Amino acid sequence: MADPYIQAHSNQAGIATIEFFHPQSNALTIKMLHQLAHEIHHAGSTGTQVIVLRSGGEKSFCAGASFDELAAVSNPGEGEAFFSGFAHVLNAMRTCGKLIIARVHGKCTGGGVGLAAAADYAIANTTAEIRLSELSIGLGPFVVGPAIERKIGTGPFGHLAIDAAMWRSADWAKRKGLYAEVHDNNANMDESIDRLAGTIAHSSPDALFALKKMLWAGTENWGSLLEERAAISGRLAAGDATRAAIARFKSKH
């Protein structure tokens with residue numbers, strides 16, 4: 001079984017690619033979250049013009065939070081520290097100053113939906129179903145909620161958050177605005193990503209920066225807001241009901 005990793009590289013055209021992988025459906029550990037935020041910040045501070053965010057493997061884009069680490073949370077402070085990792089990644093995506101394209105190639109759950117929503121342009125294939133499963137284990141999509149609600153609106157976000165057991169199709173996600181494009185296969189998806197990244201890489205850096213700033217107008221309070229949401233999630237994660245629900249989930253998988 002391959003080890004988890006975060007890999008980043010840039011090419012001479014000004015395109016940075018950041019890839020994450022975990023053998024458990026690309027679940028994100030706190031270490032991976034901090035590394036991911038660091039790589040996004042770094043790419044945003046270099047001569048990179050555009051960032052492509054993708055994951056390894058074949059079946060899942062991202063399963064959200066690592067259930068092993070969630071199960072190990074024993075107090076609210078530990079829970080807040082874990083969920084702050086997601087806050088740091090979303091804020092890195094928001095503030096890096098470079099446009100981010102997300103490549104969503106398979107099932108997308110919880111925090112993974114947050115990553116897709118925080119990207120400036122998400123390109124997916126038809127396998128990229130989405131689900132916010134947090135409520136089913138005694139949590140809620142509190143940290144990623146602002147990014148998802150901003151992208152698809154309060155109504156559709158509420159539908160995802162409340163019906164935590166239901167998968168929504170890639171077509172549903174496209175119609176709601178989460179995905180900009182949905183392709184029938186990986187080859188077409190990657191061709192579209194390469195085309196768009198290449199076009200952006202040849203655009204004016206000043207215009208790109210101004211566009212990024214305009215697209216994210218009104219989110220200036222997210223530095224504190226997402227940390228407050230992480231504290232809510234942390235308290236819930238340490239509660240008996242949530243710990244029992246996570247244990248039941250782990251016993252079935």
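See the structure printed just above.
Residues numbered from 1 in each chain as written. Predicted model: local features only at pLDDT ≥ 70, side-chain atom pairs only at ≥ 80, totals over all residues. Heavy atoms only, no water.

Student: What is the right way to read the sheet that holds strand S2 (residues 15–21) from this model?
Tutor: Hydrogen bonding along the main chain pairs the strands of a sheet, whether they run parallel or antiparallel. Read across the sheet, six strands follow the order S1-S2-S3-S5-S7-S9 without closing on themselves; strand pairing throughout is mixed. The outermost strands of the open sheet, each flanked by one partner alone, are strand S1 (5–10) and strand S9 (181–183). Strand-to-strand twist of the sheet, defined as the mean angle between neighbouring strand axes without regard to direction, takes the value 15°. The pairing of strand S7 (residues 121–125) with S9 spans three bridges and is classified as parallel. Its bridge partner lying in S9, Ile 123 is registered against Glu 181. With respect to the sheet, helix H8 (residues 186–201) is in contact with S2, strand S3 (50–55), strand S5 (99–104), S7 and S9, its orientation differing from that of S5 by roughly 175°. (Pairing = 2+ DSSP bridges. Helix = DSSP H or I, 4+ residues; strand = E, 2+ residues; numbered from the N terminus. Axes fitted to C-alpha atoms, helices over the stretch in contact; angles between N-to-C directions. Contact = heavy atoms within 4.5 Å.)

Student: So what exactly am I meant to see when it comes to the sheet that holds strand S4 (residues 60–62) here?
Tutor: Taken together, the three strands give an open sheet; going across it, the order is S4-S6-S8, and neighbouring strands pair in parallel fashion. Two strands bound the open sheet, and with one partner strand each, they are S4 and strand S8 (130–131). Pairing geometry for strand S6 (residues 107–109) and S8, over two bridges, is parallel. Note that in S8 the partner of Thr 109 across the bridge is Arg 131. Against the sheet, helix H4 (residues 111–118) contacts S4, S6 and S8, and its axis sits at roughly 100° relative to S6.

Student: Which parts of the structure should I look at to understand the packing of helix H3 (residues 76–95) against H4?
Tutor: In a packed pair of helices, the relevant descriptors are the angle between the two axes and the axis-to-axis distance. Contact pair H3 / H4: the axes reach a minimum separation of 10 Å and the direction vectors enclose 15°. It follows that H3 is roughly parallel to H4 by the angle criterion. Between H3 and H4 lies a crossing whose hand is right-handed. On H4, the residues that touch Phe 86, Val 89, Leu 90 and Met 93 of H3 are Gly 111, Gly 114, Leu 115 and Ala 118. (Parallel < 35°, antiparallel > 145°, perpendicular 65-115°, else oblique. Left-handed = near helix turned anticlockwise from the far one by under 90°.)

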